[in-house]
Amino acid sequence: MLDVLQVGNLTVWLDEPDWQEHVEEAFKQGASVSLIAPPDVRGDLKSAMLSLAVEPIELGFLQIYPVVERVQRLHRGFAVQLRVMEAM
């Protein structure tokens, strides 16, 4: 089971049109994710986090819900660090 869990970190920008696909692909490749949002789209970041909390991501035979490890305020916006619970 450990072969489908985190081995690195990938940064995904929320303003990319296919951000959710990038997040799912990062987890499939074994990475944790830093989801970055500019300060003017805090509402979109909230919606994104709710979406990830409601819809599981399929990792092979697993259906996982990423957990928020931390939230940071950056000079360019906000960063949410996502991780698969089983790897903690």
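Residues numbered from 1 in each chain as written. Predicted model: local features only at pLDDT ≥ 70, side-chain atom pairs only at ≥ 80, totals over all residues. Heavy atoms only, no water.

Q: When you look at the overall build of the protein chain in this model, what are you seeing that I'm missing?
A: Counting its secondary structure elements, the protein chain contains two helices and six strands. Walking the protein chain from its N terminus toward its C terminus, one meets helices and strands in the order β-α-β-α-β-β-β-β. A total of 88 residues make up the protein chain; the buried ones form 40% of that total. A fraction of 51% describes how many contacts in the protein chain between residues 6 or more apart in sequence connect residues 24 or more apart. Only carbon and sulfur atoms are counted for the fraction: they give 52% of the accessible area of the protein chain, which is about 5,400 Å². (Helix = DSSP H or I, 4+ residues; strand = E, 2+ residues; numbered from the N terminus. Buried < 20%, exposed > 50% of the residue type's maximum accessible area, 1.4 Å probe, protein only. Contact = heavy atoms within 4.5 Å. Areas by Shrake-Rupley, 256 points an atom, 1.4 Å probe, with all protein chains shown as cover.)

Q: Whenever I open this one, the confidence of the model for the protein chain confuses me. Can you help?
A: Low-confidence regions, as indicated by low pLDDT, have predicted coordinates that should not be scrutinised in detail. Scored by pLDDT, the protein chain has a mean of 85; 89% of the residues are at 70 or more. The least confident element of the protein chain, judged by mean pLDDT, is strand β3 (residues 57–59) at 85; the most confident is strand β2 (residues 31–37) at 92. Scored below 50 in pLDDT, residues 1–6 makes 17 contacts in the model with residues more than four places away or belonging to other chains. (pLDDT = per-residue confidence, 0-100.)

Q: I tried to follow the nonpolar core on my own but got confused; where do I start?
A: Soluble globular proteins tend to pack their nonpolar side chains together in the buried interior. Ranked by internal contacts, the top residues of the largest apolar core, which has 22 residues, are W19, V23, F27, L35, L45 and L82. Among the elements of the structure, α1 (19–28), β2, α2 (42–54), β3, β4 (62–64) and β6 (77–84) are those that each provide at least two residues to this core. Non-local contacts of W19, meaning those with residues more than four positions away in its chain, are made with V12, W13, L14, L35, A48 and L52. (Core = buried A, V, L, I, M, F, W, Y, C linked by side-chain atoms within 4.5 Å.)

Q: Could you clarify how one ought to interpret the sheet that holds β2 in this entry?
A: What the four strands build is an open sheet, ordered β1-β2-β6-β5; its pairing is mixed. The open sheet has two edge strands with one neighbour each: β1 (8–13) and β5 (66–74). Ignoring strand direction, the axes of neighbouring strands in this sheet form an average angle of 20°. Contacts from α1 reach β1, β2, β5 and β6 within the one sheet, and its direction differs from that of β2 by about 160°. Across the face of the sheet, α2 comes into contact with β2, β5 and β6 while running at roughly 10° to β6. (Pairing = 2+ DSSP bridges. Axes fitted to C-alpha atoms, helices over the stretch in contact; angles between N-to-C directions.)

Q: How should the pattern of salt bridges be read in this particular structure?
A: If charged atoms from side chains of opposite charge come close, those side chains can pair. Under the definition given, this model contains two salt bridges. Close ionic contact of R70 with E69 constitutes a salt bridge, the shortest N to O distance being 3.6 Å. Assessed through its relative accessible area of 41%, R70 is described here as partly exposed. E69 is paired through a salt bridge with R83; the nearest N and O atoms lie 2.6 Å apart. With a gap of 14 residues between them, E69 in strand β5 and R83 in strand β6 connect regions that are remote in the sequence. Under the relative-accessibility criterion, E69 is labelled partly exposed at 31%. (Salt bridge = Lys/Arg side-chain N within 4 Å of Asp/Glu carboxyl O.)

Q: What is the right way to look at the packing of α1 against α2 in this model?
A: A packed helix pair is summarised by two numbers, namely the angle formed by the two axes and the spacing between the axes. It is at 12 Å that the axes of α1 and α2 come closest, and there the two elements cross at 45°. When the axis of α1 is compared with that of α2, the two are oblique. Crossing angle aside, the handedness with which α1 passes α2 is right-handed. Of α2, the residues touching α1 (which contributes W19, Q20 and V23) are A48, S51 and L52. For the contact of α1 with α2, a count of residues per class yields four nonpolar, two polar and no charged. (Parallel < 35°, antiparallel > 145°, perpendicular 65-115°, else oblique. Left-handed = near helix turned anticlockwise from the far one by under 90°. Nonpolar A, V, L, I, M, F, W, Y, C, P; charged D, E, K, R; others polar.)

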